[in-house]
Amino acid sequence: MPSVMWKELTAAESRALAAADAVVVLPVASMEQHGPHLPVGVDTIRCEAVCKAAAEIARTTTPVVVAPTLWCGMAEHHMSFGGTFTFDIPTYRAVLLAFLRSIERSGFRKVAIVNGHGGNMGALNAFLPDLQREVP
């Protein structure tokens, strides 16, 4: 059985999942400080792991694939702590739109976005309704 992870599939396996009307799970996270005891990638690591585990369970009844994690998000509030990457809102929207259009152009029609960073919530809530109209 092929992996649930998009990055581990062949092109033929990806096309087969698209043809099966698979749900694409898109993890969105962050790369930012989490105090002196955790790595800066903790949001990304955890979000991708949760999505992978859920997809492995879900695929027993539903075709599903986990897209590559969008590891940079909205983390301006962490910039002074070091180790942080951040987008501004227009860039975040543009990158997410590019991901969604790539998924659509690969033949997929259903996407579930899973957010792994609280700092992304305001931006996602603001522009996801528009993105839903822009990418059927």
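Conventions adopted
- Residues numbered from 1 in each chain as written.
- Predicted model: local features only at pLDDT ≥ 70, side-chain atom pairs only at ≥ 80, totals over all residues.
- Heavy atoms only, no water.
- Disulfide = S-S within 2.5 Å.
- Buried < 20%, exposed > 50% of the residue type's maximum accessible area, 1.4 Å probe, protein only.
- Phe/Tyr/Trp six-rings, centres within 6.5 Å; stacked < 30°, edge-to-face > 60°.
- Helix = DSSP H or I, 4+ residues; strand = E, 2+ residues; numbered from the N terminus.
- Pairing = 2+ DSSP bridges.
- Axes fitted to C-alpha atoms, helices over the stretch in contact; angles between N-to-C directions.
- Contact = heavy atoms within 4.5 Å.
- Core = buried A, V, L, I, M, F, W, Y, C linked by side-chain atoms within 4.5 Å.

(A) Here's a closer look at the state of the cysteines. The tally for this structure, following the rule as stated, stands at zero disulfides. In this model Cys-51 remains outside any disulfide bridge; the closest cysteine sulfur is found in Cys-47, 4.4 Å from its own. Cys-51 sits in the buried class, given a relative accessible area of 2%. Its sulfur unpaired, Cys-72 is 14 Å from the next cysteine sulfur, which belongs to Cys-47.

(B) Molecular detail of the packing of aromatic side chains. Evaluation of the coordinates by the stated rule reveals four aromatic pairs. Judged by centre distance (5.8 Å) and plane angle (70°), the rings of Tyr-92 and Phe-127 are edge-to-face. One end of the pair, Tyr-92, is in helix 3 (residues 89–105); the other, Phe-127, is in helix 4 (residues 121–134), with 35 residues separating them in the sequence. In this pair, the class of Tyr-92 matches that of Phe-127, namely buried. Ring-pair connections join several aromatic residues into one group, and the members of that group are Phe-87, Tyr-92 and Phe-127.

(C) Structural context of the sheet that holds strand 1 (residues 23–28). Pairing is parallel across the open sheet formed by three strands, whose spatial order is 2-1-3. On the outer flanks of this sheet lie strand 2 (64–66) and strand 3 (110–115), each paired with one strand and no other. Direction aside, the axes of adjacent strands within the sheet are offset by 25° on average. Sheet topology note: the strand 1/strand 3 ladder contains six bridges and is parallel. Considered in strand 3, the bridge of Leu-26 is made with Ile-113. Contacts from helix 3 reach strand 1 and strand 3, with the element oriented near 160° to strand 1.

(D) Structural view of the side chain of Ser-14. Residue position: Ser-14 is located in helix 1 (residues 11–19). A residue is classified by how much of its surface remains accessible, and Ser-14, at 14% relative accessible area, is buried.

(E) Representation of the nonpolar core in the model. Among the nonpolar cores identified, the biggest contains 24 residues, and Leu-26, Val-28, Tyr-92, Leu-96, Phe-108 and Phe-127 are the most heavily contacted of them. Residue assignment for this core shows that the elements contributing at least two residues are helix 1, strand 1, helix 3 and helix 4. The next biggest cluster of nonpolar side chains, apart from the first, holds nine residues, and it includes Val-4, Met-5, Cys-47 and Cys-51.

Function cannot be inferred from these measures alone, as they are strictly geometric.
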